[in-house]
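Each chain is listed here by its residues.
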Amino acid sequence: MRVFNGFEHTAYIPRPVVTIGSYDGVHRGHREILSHLEALARARKGESVVVTFHPHPRLVLGRGEGLRLLTTLPEKLELLEQAGIDNVIVAPFTESFSRLGAEEFIRDYLVETLHLDTLAVGYNHHLGHNQQGDPGSLERLAHKFGFRLEKMPQQRVDDRKVSSTVIRELVSAGRLEEAARYLGSPYRISGTLSPQGALEGVEPLKLLPPPGEYQVSLRRVLPEPGDFASIPAIIEIREKPPVTIQPGQDCLCKALSGAPWQHAEVRAEFQ
Ligand SMILES: Cc1cc2nc3c(=O)[nH]c(=O)nc-3n(C[C@H](O)[C@H](O)[C@H](O)COP(=O)(O)O)c2cc1C
Ligand SMILES: Nc1ncnc2c1ncn2[C@@H]1O[C@H](COP(=O)(O)OP(=O)(O)O)[C@@H](O)[C@H]1O
């Protein structure tokens, strides 16, 4: 998978089949779009492209109060790679970028820079300034600029709509099995293992489950020959400091002293 930092750094992509969004969590609704994107790219003899934003739009637009994310950027990229995506463009989301209208954005970036073949969006997708570009106006723009538009129906699990918001609520309530069902894979956190077994450097914006002890399966992000694929561990999420969260100070991996992966980047997957 190729990752480009911004549109100005993209290389040539043949017949781009594109989708756009925050993709926080890369949940089952997202995955449906992604597998459709892959199938379309193969059928069109092109390549799949996910355009995602960093930082999360809500943090830039002043609606990020208390927002915690299901995935850090590296976690999101790993999940997109596992989904078989060919290219990801990480668009720096700034205030001035957010002021672009849907038409301007599509013309300048998707048509003139990428030369897109197809745009695939979910049933409720909005883009552009103040989210003015709804699926109806995207249809008009597809006609005007001559690309194909594919709209995906809503995905439900247990007869409930899958969304990043629903999954954030489940994780916040410690309902990690249900969260995993909506995500399509276990909820995970990443950090560096200290010799004392603490998980350090956890992204401050990462959503953590409530304080308590949890069974996890721990694995090295970059496995080395001879590594166990994963080892069972218990993670203790501590009460968060009241004002700011210092990276690494809010969770502790117990029962790992003597574990072989000190100083290594690890992922803990909640059971
Ligand atoms: C060019 C462009 C401009 C955007 N401008 C805005 C904006 O003004 N306000 C906004 O909320 N989202 C904006 N977005 C972000 C998307 O609409 C994004 O999908 C949305 O913020 C998702 O928000 P949610 O997670 O709160 O549903 C823009 C996206 C693009 C591509
Ligand atoms: N449950 C779902 N079913 C189908 N598509 C979905 C679902 N949830 C999100 N999507 C689509 O995934 C794409 C990326 O969504 P995103 O911008 O991350 O917002 P969301 O917070 O809704 O997941 C959008 O095209 C959106 O319509």
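Residue positions are given per chain, counting from 1 as you read along its sequence in written order. Think of it this way: whatever chain is written first is A, whatever ligand is written first is 1, and the rest follow in order. Totals for whole chains, interfaces and linings use all residues, but because this is a predicted model, local features are given only for residues with pLDDT of at least 70 and pairs of side-chain atoms are given and counted only at 80 or more. Side-chain calculation: all heavy atoms of the structure are included, whereas hydrogens and water are not.

If you check an unreviewed UniProt entry, the protein chain appears there as Bifunctional riboflavin kinase/FMN adenylyltransferase from Alistipes indistinctus YIT 12060. UniProt positions are given in the numbering used here, feature names are shortened, and annotations may be inferred rather than shown by experiment. Its UniProt record, at the heading Sequence similarities (unreviewed entry), says of the protein chain: "Belongs to the RibF family." Per its UniProt entry, the protein chain bears the Function (unreviewed entry) comment "Catalyzes the phosphorylation of riboflavin to FMN followed by the adenylation of FMN to FAD."

1. Some thoughts on the sheet that holds strand β4 (residues 87–92)
When DSSP finds two or more bridges between two strands, those strands count as paired. Helix numbering and strand numbering both begin at the N terminus, where a helix is a DSSP run of H or I of at least 4 residues and a strand a DSSP run of E of at least 2. Pairing in this open sheet of six strands is parallel, and the strands run β1-β4-β3-β2-β5-β6 from one edge to the other. The open sheet has two free edges, formed respectively by β1 (2–5) and β6 (148–152), since each of these has just one partner strand. Taking each pair of neighbouring strands and ignoring which way they run, the sheet shows an average axis angle of 25°. As defined by bridge partners, β1 adjoins β4 across four bridges and the pair is classed as parallel. Its bridge partner lying in β4, N5 is registered against V90. Fitted lines through C-alpha atoms give the axes, limited to the stretch in contact for helices. The angle between two N-to-C directions lies from 0 to 180 degrees.

2. Brief notes about the side chain of D117
Along the chain, D117 falls in the loop between α5 (102–111) and β5 (118–122). The rule is simple: take the accessible area with a 1.4 Å probe, protein chains only, and divide by the maximum for that residue type; under 20% is buried, over 50% is exposed, in between is partly exposed. For D117, a relative accessible area of 11% puts it in the buried group. There is a polar contact of 2.9 Å between the side chain of D117 and the side chain of R15. Throughout, a residue-residue contact means that at least one pair of heavy atoms, one from each residue, lies within 4.5 Å. Beyond its immediate sequence surroundings of up to four residues, D117 is in contact with R15, P16, V17, R44, F147 and R148. Contacts described as polar in this section are N or O atom pairs within 3.5 Å, which, within protein, must combine one atom able to donate a hydrogen with one able to accept it, while residues neighboring in sequence count only if both atoms come from side chains.

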